[in-house]
Each structure stands twice: as structure tokens, then as C-alpha cells.
Amino acid sequence: MVRDHTTALEYLKTFEKKDGLSVDELMDSNIRGGLTYNDFLILPGKVNFPSSVVNLQTKLTKKISLNAPFVSSPMDTVTESEMAIHIALLGGIGIIQHNCSKEEQASFVAKVKKYENGFINSPKVISPKTTVGEARAMKQQFGFAGFPVTETGKCLSKLVGIVTSRDIQFIEDDSVLVSEIMTRDVVTGKQGITLTEGNEILKNTKKGKLPIVDAGGNLISMLSRTDLMKNQNYPLASKSATTKQLLCGAAIGTMPADRERLELLAAAGLDVVVLDSSQGNSVFQLDMIKWIKETYPELEIIAGNVCTREQAASLIAAGADGLRIGMGSGSICITQEVMACGRPQGTAVYNVCKFANEFGVPCIADGGIQNIGHLVKALALGASTCMMGGMLAGTTESPGEYFFRDGKRLKVYRGMGSIDAMQKTDAKGNAATSRYFSEGDDVLVAQGVSGAVVDKGSIKKFIPYLYNGLQHSCQDIGVQNLTELQDSVLSGEIRFEFRTASAQLEGGVNNLHSYEKRLHN
Ligand code: IMP
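Note that the structure is predicted; figures quoted are calculated from it, not measured.

J.: Break down the site of the ligand for me, citing the residues and quoting the values.
T.: Near the ligand you find 25 residues, and of these Ser-73, Ser-331, Asp-366, Tyr-413 and Gly-417 are the closest. Here a nitrogen atom of the ligand sits 2.6 Å away from a polar atom, N or O, in the main chain of Gln-447. Relative to its unbound accessible surface of 500 Å², the ligand loses 97% to contact with the protein. A class-by-class count of the residues in the shell around the ligand yields eight nonpolar, 14 polar and three charged.

Here it is in C-alpha cells:
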């Protein structure tokens, strides 16, 4: 007998359980072992709202909220000031790497904290002794001319002139010094002026560039007419409620020298410190948390890394304001191979978050994120944010120069436990980081590799792509925010399916002669 179609919803109610698996059933290690993001899918719900209403607000730590769940890894090929500024403008937060001197790391933090949208904080500067030929070469290299001239050829030095395209256009002798042809009577803006005031000055004086100087006439930053015209609004920007400055994180180790490092970082205005260790459950880290809580009670601490409930409990008890989950899941990581320690990332995220969320301690799913689907899965398993290394490496904002190989434009991306990264030392010959407890050894034991990734363009496009993708995914699942996502997963309302190896193949592109995978326009 075929049922009457109008009774379909009534008939559905007669089933004891919803279709698919609850998260507990999915994550039963006795049945399936540890799972990675690729091992399962989330079953779709009902679409009854536009994706644009999906709110991705979340918590990074007990006290810090973000408008988007994106965190950039503290790695020397991922996060310095440029990355941290732009990811914060787009709603996430950057964690500044510490494989550098403490002074350098603090200067990166200071740049983020002092960033003002629209102002060029590190303008290309020349000195009076720069030649016209050199200025012309810079114009070629950077694609613009309009260089402030300072006594030392650097920022924070007395402004003595400005050189624009028009100044050098008709000078045939390349050896002429810019001091002979520069405009000396420069229109400047005073430190502290607003973007609107600067904009007005540019409009009234019909100038292309407005150097901003302090009371002593030293160059601080610059405004550019072309930049003003393409100036974006950043409604999601992660800012401190009190100072309105961008939020910034930084990583440190757990050695005694890291206490001095933190002093400089705190003075630069750091909002959150990440204790960077591949195995976070150590007496060093517990001591460090205690010391930081006593010394900088306002500073939020993210401890880690962890992948078990026991590790998490130890750090939560010590006072961690957030946890970082992942051991061996990173794209450049060989920890599981070498140390025999670690855990498949889906299982690690699920188990640690379930425990930590009971204490209101937000968790970062760190490592192994390769696409938007992985982001959604990590959030569904309980993570509040996702930390990305490889996904953000190779972007305009990541440190390092592009190079060409095999016809492709690439940037280096390396693990912080790779020999290359661990061999980087400071001026005194000391390893800067101590993430792997091996950096000071005679024989280094690598836990990461060094490689290259393809140019991904700017995160100004890539992060909005991730954001919109997440909104669309939540729409398919049928939830309008991340709290609803996690609550519905825990209540069993949102269902999952385990993916066999052939199901994973089916989920990828197949049976095409060739294709191009373009992820966004
Ligand atoms: P990805 O996003 O998959 O590329 O992973 C990035 C994460 O890998 C970082 O945030 C670190 O937790 C971790 N990581 C960084 N360097 C290494 C390494 O050398 N070995 C193991 N894990 C690493």
C-alpha cells in the first residue's frame, strides 16, 4: 500500500530517531576509531532564511569576542603585522609569531595596535641622498611614486621633502640627488588627525599624498588620495571596546626568557597571549599561566596545545582563558609520525570542547583546516574558532617574498618544528622559540617540514570568501548562528553521517578529463 503524500510529516514522527547519527554516536571511538574532518558529513536541515542573516559571532577566550571565527597561526610564514592587521579588520584575529627577537615581535604587535584604517603606517620613505634613478626604480617596483623624504630615509625621522612623479619625470640625469629636485614646502597633517580631517586637507590642497608628522616634524604615517578613494569599511573589525584599537594576539614559549618577552608585548598593548607548545600539558606551562595571571591579570591566556580531556583539565584548572586543540593535524606536521603522539583532529576537537565548554572555556580548533567544510565541521564539533596556517600562507599578507617555480608563483610555508625554523637563532645564537622542547638540542628532532604554497592573493578577498561560505553552510544546516549550531549538535537535532573511503571519493570531483578549481571570483 502506498501512503497518501499528505501524511508524510505525520509518518515521519513515528520514527524513534532522526535520520543519521547524533554526534555522540558518530564520535564513538569504540566503533569507528578517531575521526578527521573528512571522515564525516553534516546532514542538511531546512533552508528558511537567507544566508546573509547568519551571524558568525563567537568567543576567542572567556573575555574576548570576535565577529568571525578566524585565527591566524603564530608561524613565521603566516602571521606578522600585515596578516594580523587585515585578519582583525575582517573580524578575526592574528597571533604574532615568536621566531624572532622580542623587540621585533613587540614592534609587530605595536603596529597592529596603532593601525588606523586608511593611514599608511609604513610608507616607503627615501633620504635626501637617494638618486633620481633610485626613486624611478622604486616607482617601477611599487607601482606608485610619492615618496616622503626624511633625514634618515626612514619613518620616525624629520620630514624634509616629498618626491612625486612630476618631480622626476623630466630629469634625464639619473645621478641627480632627490634633495635637489624634491618639493620642500610639504603640506602635512598633524599626528592624531582623523581620516575625515585628512581627507579634507587632501581635497582642499589638491595634493595626492599627505604625510602625517608628530610635534617634532617627524614622519609618522601618510594618507594617499588613491587609497582614500578605494577605502573600505570594515564593519566586522575586531576592536577593543575601550581603546577602539584592533585586537592583537602573540605567541610565546614557556622558558624563563619568555617572561621578559611578554613584558615587551604587554607594553605594546597585547590583548591575548598564546602559550605555544606542541604538548601543552607541562609543568612549564602551568607555572607560566600562574605567573601571567599574577603579573598581568587583565591579559587573556590561551593555553595548549591539547588533544585530550586530561590535558585540557590540567590547563583549565591552572586558569587558562582559552584552549588550542590539535596535535599532529597541521598540514606541515610530522609530529604523529615522529612522536607517536597526537589524535585525529575531529575526535580531538569533539572531546576537548565537550569538556572545556562545561567550564565556559572557548576552544580553538588548530590545524588541518583545508577548506570551508572543515571550518564548519570544527565549529559543529564544539570549537569556537579555527586557527589556520596553510590556508593563510601564500597570501599577500603572509611574511616572505613570492618566487616562481614550475611556472607557479609561490611562497614558503614551513612548520615551526621544521629544521629550517628551529635553526633560526637570535643575535646571541639562541633559538627564539621553544615550541618543541628540542630547539636548543645538539641534535634537532624535527616535527615539521618546510615547503611552498601557491599564491592565494590577498586575504581581503579570501577571508570574506570563507565568511560567506560559512554563512551558506549554516543556511544548508538550518542554523542562524554558531551557538544554535553547537546547541543543536549537542541536543541531537543536527545529524551526521560517517563517510567510508568510497564516500569520500564520491564527495570530490570525479570522472572529468580535466577541470579548473576556482574557489571564488
Ligand atoms: P595547518 O593550518 O594545517 O597548516 O596547521 C597549522 C598548525 O600546525 C599551527 O597552528 C600549529 O599548531 C601546527 N604547527 C606549526 N608548525 C608545526 C610543526 O612544525 N609541526 C607540527 N605542527 C606544527
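J.: Give me the lowdown on the nonpolar core, citing residues and values where you can.
T.: Core analysis: the biggest nonpolar cluster contains 102 residues, and Phe-70, Leu-262, Ile-292, Leu-323, Leu-392 and Leu-466 have the highest contact counts within it. With nine residues, the top contributor of residues to this core is helix α18 (residues 459-477).

J.: Outline the pairing of strand β12 (residues 272-275), supporting the account with residue identities and numerical values.
T.: Alternating residues of β12 divide into Val-272 and Val-274 and Val-273 and Leu-275, and every residue in both groups is buried. Alignment of strand β11 (residues 249-252) against β12, held across four bridges, turns out to be parallel. Its bridge partner lying in β12, Ala-250 is registered against Val-273. Note on the crossover from β11 through helix α11 (residues 257-267) to β12: the handedness is right-handed.

J.: Now, about the packing of helix α4 (residues 81-89) against α18: what can you tell me, with residues and values included?
T.: As a packed pair, α4 and α18 sit with axes 10 Å apart at the nearest point and diverge in direction by 40 degrees. Classified by the angle their axes make, α4 and α18 are oblique. Like other packed secondary-structure pairs, α4 and α18 cross with a definite hand, here right-handed. In contact with Met-83, His-86 and Ile-87 of α4, α18 contributes Ile-459, Lys-460 and Ile-463. Considered class by class, the residues forming the contact of α4 with α18 number four nonpolar, one polar and one charged.

J.: Give me the lowdown on the packing of aromatic side chains, citing residues and values where you can.
T.: Scanning the entire structure with this criterion turns up five aromatic pairs. Seen in terms of ring centroids, Phe-40 and Phe-496 are 5.8 Å apart; in terms of plane orientation they differ by 65 degrees. Their pairing is edge-to-face. Taken together, the positions of Phe-40 in strand β1 (residues 40-42) and Phe-496 in strand β20 (residues 496-498) put the pair 456 residues apart, joining distant regions of the chain. Phe-40 gets classed as buried once you look at its relative accessible area, which sits at 0%. Ring geometry for Phe-355 versus Phe-359: centroids 5.2 Å apart, planes at 50 degrees, classification tilted. By relative accessible area, Phe-355 is classed as partly exposed at 23%. Seen from the ring of Tyr-11, Arg-3 lies directly overhead, with NZ or CZ sitting 3.7 Å from the centre. Against the face of Tyr-402 rests Arg-409, its NZ or CZ located 3.9 Å from the ring centre.

J.: Lay out the sheet that holds strand β4 (residues 70-72) in plain terms, naming residues and giving numbers.
T.: Note: strands within a sheet are paired through backbone hydrogen bonds, in either parallel or antiparallel orientation. Strand order in the closed barrel made by the eight strands is β4-β5-β11-β12-β13-β14-β15-β16, with parallel pairing throughout. Neighbour to neighbour, the strand axes of the sheet diverge by 25 degrees on average, direction disregarded. Taken together, the two bridges between β4 and strand β5 (residues 93-96) define a ladder with parallel strand orientation. Bridge assignment links Ser-72 to a residue of β5, and that residue is Gly-94. Lying over the sheet, α4 contacts β4 and β5, oriented at roughly 160 degrees with respect to β5.

J.: Hey, could you go over unusual backbone geometry for me, with residue numbers and the actual values?
T.: Residue Asn-305 follows Gly-304 across a cis peptide bond; omega there is 0 degrees. Residue placement: Asn-305 occurs in strand β13 (residues 300-306). Positive phi, normally seen in glycine, also occurs at Leu-156, with a value near 60 degrees. The backbone of Lys-206 sits at a positive phi, close to 55 degrees, despite the residue not being glycine. Position of Lys-206 among the secondary structure elements: in the loop between α9 (195-205) and β9 (209-213). Given a relative accessible area of 71%, Lys-206 falls into the exposed group.

J.: How would you sum up the pattern of salt bridges? Please name residues and give values.
T.: Tallying each qualifying case throughout the model produces 17 salt bridges. With a closest N to O distance of 2.9 Å, Asp-174 and Arg-136 form a salt bridge. With Asp-174 in the loop between α7 (165-169) and α8 (178-181) and Arg-136 in helix α6 (residues 132-142), this residue pair connects regions lying 38 residues apart in the sequence. When its relative accessible area of 40% is taken as the criterion, Asp-174 is described as partly exposed. Given a relative accessible area of 26%, Arg-136 falls into the partly exposed group. In this structure, Arg-409 and Asp-455 form a salt bridge, with 2.9 Å as the shortest nitrogen-oxygen distance.

J.: Pulling in residues and values, what's your account of the UniProt feature "binding site: K(+)" (unreviewed entry) in the protein chain?
T.: Under the local residue numbering, the UniProt record ascribes the feature "binding site: K(+)" (unreviewed entry) to Gly-328, Gly-330, Cys-333 and Ser-502. Look at the named residues: they lie 175 residues apart in sequence, and the longest C-alpha span between them is 25.8 Å, so in the fold they stay spread out. In this fold, Gly-328 is placed in the loop between β14 (322-325) and α14 (335-339). The exposure class of Gly-328 is partly exposed, given its relative accessible area of 21%. Apart from the residues lying within four places of it in its own chain, the contact partners of Gly-328 are Cys-333, Thr-335 and Gln-336.

About the criteria used
- Residues numbered from 1 in each chain as written.
- Predicted model: local features only at pLDDT ≥ 70, side-chain atom pairs only at ≥ 80, totals over all residues.
- Heavy atoms only, no water.
- Near = heavy atom within 4 Å.
- Polar contact = N/O pair within 3.5 Å; in protein donor to acceptor, adjacent residues only side chain to side chain.
- Areas by Shrake-Rupley, 256 points an atom, 1.4 Å probe, with all protein chains shown as cover.
- Nonpolar A, V, L, I, M, F, W, Y, C, P; charged D, E, K, R; others polar.
- Core = buried A, V, L, I, M, F, W, Y, C linked by side-chain atoms within 4.5 Å.
- Buried < 20%, exposed > 50% of the residue type's maximum accessible area, 1.4 Å probe, protein only.
- Helix = DSSP H or I, 4+ residues; strand = E, 2+ residues; numbered from the N terminus.
- Pairing = 2+ DSSP bridges.
- Right-handed = clockwise from strand over helix to strand, strands pointing away.
- Axes fitted to C-alpha atoms, helices over the stretch in contact; angles between N-to-C directions.
- Parallel < 35°, antiparallel > 145°, perpendicular 65-115°, else oblique.
- Left-handed = near helix turned anticlockwise from the far one by under 90°.
- Contact = heavy atoms within 4.5 Å.
- Phe/Tyr/Trp six-rings, centres within 6.5 Å; stacked < 30°, edge-to-face > 60°.
- Lys NZ or Arg CZ within 6 Å of the ring centre and 35° of its normal.
- Salt bridge = Lys/Arg side-chain N within 4 Å of Asp/Glu carboxyl O.
- UniProt positions renumbered as here; feature names shortened; annotations may be inferred.

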